[in-house]
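Survey of secondary and tertiary structure
What follows is each chain in one-letter form.
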Amino acid sequence: MPQEQKQKKKRVPITALTKQEICIKKRENMKLRDEDLAKEYGLDRSTITKILKQRDKWLAIDPNSNYAKQKTQKSPKFPQIEEALATWLTMTISQGNAVSDGQLQEKALEYAQMYGLRNEFQASNGWISKFKNRHQVRNGDSSGAPDVSLQITPQSVPITGTVLSPPEHSNFSSTVSLPPTSNYTTPQSITSTTNRTNGTNALIGSASNSPYIFGASTSNSMGPHYIPSRIYPVSTTIAPHIPLENAAFIFCDYQNDVIGMFQTSNTLNQFLTRSKQLFTAVHQAQQKKNISCFSVGLYFRPGYPEVSPNNRHFENLKSLGRLVDGTKGAEFIDGMVPRDNDIVIQKRRTDAFYNTDLQMILESRNIHHIILSGSATRDVILSTTRSAADRDMSITVVRDCCFDENDMVQNVLMDEIFPKQGVMVVSFEEIVNGLRSI
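In this report, the structure presented in the accompanying data block is examined. Every value quoted in this text rests on a predicted model; they were computed, and no experiment measured them. (Residues numbered from 1 in each chain as written. Predicted model: local features only at pLDDT ≥ 70, side-chain atom pairs only at ≥ 80, totals over all residues. Heavy atoms only, no water.)

Each pair of packed helices gets described by two things: the angle between the helix axes and the distance between those axes. It is at 10 Å that the axes of helix H1 (residues 16-28) and helix H3 (residues 45-53) come closest, and there the two elements cross at 80°. Of the possible angle classes, the one that applies to H1 and H3 is roughly perpendicular. Seen from H1, the contacting residues are Lys19, Ile22, Cys23 and Lys26; seen from H3, they are Ile48, Ile51 and Leu52. (Axes fitted to C-alpha atoms, helices over the stretch in contact; angles between N-to-C directions. Helix = DSSP H or I, 4+ residues; strand = E, 2+ residues; numbered from the N terminus. Parallel < 35°, antiparallel > 145°, perpendicular 65-115°, else oblique. Contact = heavy atoms within 4.5 Å.)

Below is the structure:
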């Protein structure tokens, strides 16, 4: 008998607002099955699953925006440039820096050059306008000034995994005063709009392409220019000597449940292999020199009393039953299990310093230099480096021993954000050679 041909199911277009509604229902009732939601909305179960995987994006949209009412979200013509620029923009404003339309165009052209698309891609004003619309970058009133206020929701950026949240100190007052300089063609005071969701501010100068840097010194009000985002040898950006004596190696979140959340890939396998090799090299060097080794893990008590309903990332971990103290999932993976002289730090939040005794132990040992590795770069490593910097510590990050599911996020952090903040970024080979030489 001839096999009956399967009828292709007609695609049902739904608005971003409907996707937000689905995510809200799931958030309010974690026991609600994907199958039930699929039946209610007339969708495939796989569609519901895909929507819920991007819940941070859909929950962050403005229900009153045109974007929310659109039934289709067209794929961009140049997805590599789109993703790279969106990631860079999120990282830039999360650090409290402002971005102009001209900077967006310049950066987009850099990425086009990197991906070999410079002849096809022009970064026109129209493309920039559509880019801002796709990522919910909204132009608002600015008290009659010729500049416009940019409001962006980092959650709307199409990157996988946990969305990078701005640091706590990135909330600014409603009015930003700019130092006088010949480079500015705009008024000295501009009103900025604060996003109620995450407190992120940014300003775009339509009359001038000059970036307005928050907290810039009066001697150099323009601030340092960003290094072009490209992959280049790490040795060209680091100091020639890495001080390892009386330093602390901090290995973050090498736990079964954490690593198990990432999709298996060659990049993940290489990260784990290098991390285990570094872990071994550190312990071999410990026998000769004064080097401290810390293993930091994320733990929750049974019942998750530490998890607030306002913390959506940790709420997700709670719903999955992950990282409960005393369970197999909370244990360190094979090859990264703390040894006799290692110090284990139990944390309840992303940052290794927050509400832990890590700083007290470092101070008691007179350690002012930490060397970080772990997962995930956009969360744990970024949060911990900022916290360490606020404590006036010297910070080194081992690039090959840090992992992020999104390669572009990893590269932006390692190539631009960390070096700009004074963090030394080194390769696995450089740090291991340094250990062998002491």
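Taken as a whole and assessed by the stated rule, the structure comprises 11 aromatic pairs. Taking 5.2 Å as the distance between ring centres and 75° as the angle between the ring planes, the aromatic pair formed by phenylalanine 78 and phenylalanine 121 counts as edge-to-face. Taken together, the residues span a long stretch of sequence, with phenylalanine 78 in the loop between helix H5 (66-69) and helix H6 (79-94) and phenylalanine 121 in the loop between helix H7 (101-114) and helix H8 (125-134) at a distance of 43 residues. Taken as a pair, phenylalanine 78 and phenylalanine 121 share a single burial class, namely buried. Judged by centre distance (5.6 Å) and plane angle (15°), the rings of tyrosine 254 and phenylalanine 271 are stacked. Note that tyrosine 254 is positioned in the loop between strand S6 (248-252) and helix H9 (256-260) and phenylalanine 271 in helix H10 (residues 266-286), a separation of 17 residues in sequence. By relative accessible area, tyrosine 254 is classed as buried at 1%. Put simply, the rings of Phe249, Phe251, Tyr254, Phe262, Phe271, Phe279 and Phe403 touch in pairs and so form one group of aromatic residues. (Phe/Tyr/Trp six-rings, centres within 6.5 Å; stacked < 30°, edge-to-face > 60°. Buried < 20%, exposed > 50% of the residue type's maximum accessible area, 1.4 Å probe, protein only.)

The next thing to look at is helix H14 (residues 407-420). Relative to the 20 Å expected for 14 residues at 1.5 Å per residue, H14 spans 19 Å between its end C-alpha atoms, a close match to the ideal helical length. For H14, the principal kink sits at leucine 413 and spans about 40°. Burial runs high along H14: 11 of the 14 residues are buried. Met408, Val409, Gln410, Asn411, Val412, Leu413, Met414, Asp415, Glu416, Ile417 and Phe418 are the residues of H14 that are buried. (Expected span 1.5 Å × (residues − 1). Bend = angle between axes of the 7 residues up to and from the residue.)

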